[in-house]
Amino acid sequence: MSHRKWEPKIVAFVCNWCTYAGADAAGTRRMHYAPNVRMIKLPCTGRIDPHFIVKAFEQGADGVLVSGCHPGDCHYVSGNLYARRRYTVFRELLEFLGVDPRRLQFSWVSAAEGAKWVEVVNEVTAEIKALGPRDVGWAETNGHQPPIVVAPELAQTPQAVVDAGSTTEALRAIARELLEKKEVAVVVGYEEGSLPGVTTPAFITKPEDADRLVWNEHCVNNLSVYLTRKQVTRLGRVGVVAKGCDARSIVGLIQENQARRENVVIIGVQCGGVQMSVRAAKGDRELESVSAARTLIQVDGELAPKCYACDVHTPKIYDHLAKGDAAVTRPLAAADPRFAEIAALERMSPDERWAYWQAQFDQCIRCYACRAVCPLCYCETCIADKSRPQWIPTSATSQGNLSWNIFRAYHLAGRCIGCDECSRVCPADIRLDLINRKLAQSVQEAFGYTAGFDMAAAPPLLTFRMDDQGEFIR
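Residue positions are counted from 1 within each chain, in the order its sequence is given. Since the coordinates come from a predicted model, pLDDT governs what is reported: local features require at least 70, and pairs of side-chain atoms require 80 or more to be given and counted, while whole-chain, interface and lining totals use all residues. The basis for every side-chain value is the complete set of heavy atoms in the structure, and neither hydrogens nor water enter the calculation.

S.K.: Got a minute to help me understand the overall build of the protein chain in this structure?
M.R.: In this description a helix means any DSSP run of H or I spanning at least four residues, a strand means any run of E spanning at least two, and both kinds are numbered starting from the N terminus. The helix and strand inventory of the protein chain stands at 16 helices and nine strands. Each residue is assigned to one of three classes by its accessible area relative to the maximum for its type, calculated with a 1.4 Å probe on protein chains only: buried under 20%, partly exposed between the two thresholds, exposed over 50%. Within the protein chain, the fraction of its 474 residues that count as buried is 53%. Any two residues whose heavy atoms approach within 4.5 Å at even a single point are treated as in contact. Looking at the protein chain alone, contacts between residues at least 24 apart form 79% of all its contacts between residues at least 6 apart. As displayed, the protein chain has an accessible area near 21,100 Å², and 51% of this comes from carbon and sulfur atoms. Reported accessibility uses the Shrake-Rupley method at a 1.4 Å probe radius. Residues are deemed covered only where the shown protein chains occlude them.

Following this line, the structure appears as structure tokens:
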């Protein structure tokens, strides 16, 4: 019995006004090209959401092509310019997760360029044929074993010196005065937890309760997450204790109109770095993995990895500063150890990266702790909870876990300020911090933007420049 020769299935998302018209012109002129492309017409490339691309791969596409008008020729003036920025970041994300970049391609084809459309389709088809079929599911590994990635050793960077006792007293005095003068209705800060060396969020509404507030190296939580919680904001004006990194997320919330500057009183604290709790390794193989290596460096008396590269010991934005007697004396920031881990992953082949991340995501139990703790995850109805249409399968399957983590990471691109709360609370120890760091690095390199420092700046994926990079677009 003869077997039919394999041919790639390629989904092409095209804009109505240029590429679709160009393809139509090619057909009118009887130009021949590879029949592997299934075209889906949308009004504009600005309407072609990256979620569509993920769904195309989920449903068996061997490759995806996105094509629209040339910059400056958009029927809607600038839709393709916004799209170019989104695709710049989304392409980097999928490549980092192990999707071969040749499977996701982009082009500008005008209504007058029927011949270019033919050329693009033939070239993309040939490249994907050379890659071969995606003969396994979108979220399977095709037998590839997860590689072992060893985290780099951290340099012994001295911890900053901060007088926690005097800072605590200053913090309590500020909170007491704000509540007595009724300048705020509630102060969100830290108090001692039920276990030694643990602090928990405190919600202080009475001046006499201000003595519950504390400040020390165990104050890890990013309290700005409560600025979008109705249970807190309905009380009235909110005072919030903020470390340097936390204040950056407050800037992000103000940028995105989720918090009004006049409704928030920021009580800044000088931070020399926070400590993470020790976790026990479970086996020899785990000791050699990135996740376990991260565990090994989180020992008593040492900083959390995110703090090694921090240079924002004093918040850049605050209304009151709870300043201790001892100043921050830590030397210049060291290199973030996660960038070495990212570089190690990038040196792997796409199949190896794919296997690594599938092994990571397969541990996800879909508890959404990462979403709950993130200050910038504030949608009343998350895309993961929507059923019409259902973008993300609700069960903790490989496919659903992959889609959830792709969408979560993409939605934080250009917005994440690196507080690492998502990674800290993940019960499965998934390396969400590496994905967030990678996208922050990509946004910085492509657009020169670092999140959380300028309230007047537009988030990078909500603006564009005519000279934005686009070398990957045909």
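S.K.: Can you walk me through the sheet that holds strand S3 (residues 63–68) in this structure?
M.R.: Strand pairing in a sheet relies on backbone hydrogen bonds. The paired strands run either parallel or antiparallel. When DSSP locates at least two bridges between a pair of strands, those strands are taken to pair. Pairing is parallel across the open sheet formed by four strands, whose spatial order is S2-S1-S3-S4. Of all the strands in the sheet, just strand S2 (37–42) and strand S4 (104–108) have a single pairing partner and so form its edges. Strand-to-strand twist of the sheet, defined as the mean angle between neighbouring strand axes without regard to direction, takes the value 20 degrees. When strand S1 (residues 10–15) meets S2, the two strands line up parallel, connected through six bridges. Bridge assignment links Val14 to a residue of S2, and that residue is Lys41. To get an axis, fit a line to the C-alpha atoms, keeping to the stretch in contact for a helix; angles then go from 0 to 180 degrees between the N-to-C directions.

S.K.: Help me out: how do you make sense of the packing of helix H12 (residues 350–361) against helix H14 (residues 398–412) in this one?
M.R.: A pair of packed helices is captured by two measures, namely the crossing angle of their axes and the spacing between those axes. Running from N to C, H12 and H14 point in directions that differ by 100 degrees, and their axes come no closer than 9 Å. Compared by their axis directions, H12 and H14 come out roughly perpendicular. Facing H12, whose interface residues are Trp354, Gln358 and Phe361, H14 presents Asn401, Leu402 and Asn405. By residue class, the composition of the contact of H12 with H14 is three nonpolar, three polar and no charged. Should an angle fall under 35 degrees it is called roughly parallel, over 145 degrees roughly antiparallel, and 65 to 115 degrees roughly perpendicular, with every other angle called oblique. Residue type decides the class: Asp, Glu, Lys and Arg count as charged, Ala, Val, Leu, Ile, Met, Phe, Trp, Tyr, Cys and Pro as nonpolar, and the leftover types, Gly among them, as polar.

S.K.: Would you mind going over the packing of aromatic side chains with me for this structure?
M.R.: Two descriptors summarise a pair of aromatic rings, namely the distance from one centre to the other and the angle between the planes of the rings. Any Phe, Tyr or Trp ring, taking Trp's six-membered ring, that has another such ring centre within 6.5 Å forms a pair; planes under 30 degrees apart are called stacked, those over 60 apart edge-to-face, and the others tilted. For the structure shown, the criterion picks out 13 aromatic pairs. Each ring, one from Phe13 and one from Phe52, has its centre 6.1 Å from the other, and the planes form 40 degrees; the classification is tilted. One end of the pair, Phe13, is in strand S1; the other, Phe52, is in helix H2 (residues 50–58), with 39 residues separating them in the sequence. Since its relative accessible area comes to 14%, Phe52 is described here as buried. Summarising the aromatic geometry, the rings of Phe96 and Trp357 are spaced 5.7 Å apart at their centres and angled 55 degrees between planes, so their arrangement reads as tilted. One end of the pair, Phe96, is in helix H3 (residues 79–97); the other, Trp357, is in helix H12, with 261 residues separating them in the sequence. Through successive ring pairs, a cluster of aromatic residues spans Phe96, Tyr356, Trp357 and Phe361.

S.K.: Looking at this structure, how should I read the sheet that holds strand S7 (residues 238–242)?
M.R.: Spatially, the five strands line up as an open sheet ordered S6-S5-S7-S8-S9, and their pairing is mixed. The strands lining the two open edges of the sheet, one partner per strand, are strand S6 (199–204) and strand S9 (320–322). If you compare each strand with its neighbour and ignore which way they point, the axes differ by 30 degrees on average. As judged from the three bridges shared by strand S8 (residues 264–269) and S9, these two strands associate in the parallel manner. Within S9, the residue paired with Val269 across the bridge is Ala322.

S.K.: Looking at this structure, I do not really get the pairing of S7. What am I missing?
M.R.: Within a regular strand, the side chains alternate between the two sheet faces. The buried count for S7 comes to five of five residues, which makes it a mostly enclosed element. Neither face of S7 is open: one carries Val238, Val240 and Ala242, the other Gly239 and Val241, and all of them are buried. Here strand S5 (residues 186–192) pairs with S7 via three bridges, running parallel. Residue pairing for S7: Val187 is matched across the bridge by Gly239. With five bridges joining them, S7 and S8 adopt parallel strand pairing. Across the sheet, Val240 pairs through a bridge with Ile266, a residue of S8. When the strands point away from the viewer and the connection leading from the first strand across the helix to the second strand turns clockwise, the crossover is called right-handed. As for the winding sense of the linkage, the β-α-β connection from S7 through helix H7 (residues 244–255) to S8 is right-handed.

S.K.: Can you help me understand the pattern of salt bridges in this one?
M.R.: Pairing between side chains of opposite charge can happen when the charged atoms of each approach one another. Just to be clear on terms, a salt bridge is a Lys or Arg side-chain nitrogen sitting within 4 Å of an Asp or Glu carboxyl oxygen. Tallied over the full model, the rule gives 25 salt bridges. The partner of Glu169 in a salt bridge is Arg172, and the shortest N-O contact between them spans 3.3 Å. Residue Glu169 and its partner Arg172 are located together in helix H5 (residues 164–180), separated by three residues, close to a single helical turn. What makes Arg172 buried here is its relative accessible area of 16%.

S.K.: It is not clear to me how H7 should be interpreted in this structure. Could you clarify?
M.R.: Every α-helix winds through 3.6 residues per turn, so residues three or four apart in the chain are directed the same way. To estimate the expected span of a helix, count its residues, drop one, and scale the result by 1.5 Å. Along its 12 residues, H7 runs 17 Å from first to last C-alpha, staying within 8% of the 16 Å computed at 1.5 Å per residue. Among the residues of H7, those classed as buried are Gly244, Cys245, Asp246, Ala247, Arg248, Ser249, Ile250, Val251, Gly252, Leu253, Ile254 and Gln255. Immediately downstream of H7, the backbone of Asn257 shows phi near 60 degrees, a positive value.

S.K.: For this particular structure, what's the right way to read the nonpolar core?
M.R.: Where a protein is soluble and globular, its nonpolar side chains tend to be buried together. Side-chain atoms within 4.5 Å link the members of a nonpolar core, which is a set of buried Ala, Val, Leu, Ile, Met, Phe, Trp, Tyr and Cys residues. Core analysis: the largest hydrophobic core is formed by 66 residues, its most contacted members being Phe13, Val64, Phe90, Leu93, Trp357 and Ile406. Looking at this core element by element, the count peaks at eight residues for H3. Every residue in contact with Leu93, bar those within four places of it in the chain, is listed here: Ile406, Ala409, Tyr410, Ile435 and Leu439. Within the second largest apolar cluster, 48 residues are counted, among which are Leu179, Tyr190, Ala210 and Ala259.

S.K.: Sorry, what's going on with the packing of H3 against H12 here?
M.R.: Orientation of H3 relative to H12, taken along the N-to-C sense of each, is 90 degrees, at an axis distance of 7 Å. As judged from the angle between their axes, H3 and H12 are roughly perpendicular. Within the contact between the two elements, H3 uses Glu95, Phe96 and Leu97 and H12 uses Arg353, Trp354, Trp357 and Phe361. Looking at the contact of H3 with H12, its residues break down into five nonpolar, no polar and two charged.

S.K.: Whenever I open this one, helix H16 (residues 432–447) confuses me. Can you help?
M.R.: Between the first and last C-alpha of H16 there are 22 Å, a value that for 16 residues agrees with the 22 Å anticipated at 1.5 Å per step. Within H16, 12 of the 16 residues are buried, which leaves it mostly tucked inside the rest of the structure. By the burial criterion, the buried members of H16 are Leu432, Asp433, Leu434, Ile435, Asn436, Arg437, Lys438, Leu439, Ser442, Val443, Ala446 and Phe447. Just beyond H16, the residue with positive phi is Gly448, at close to 65 degrees.

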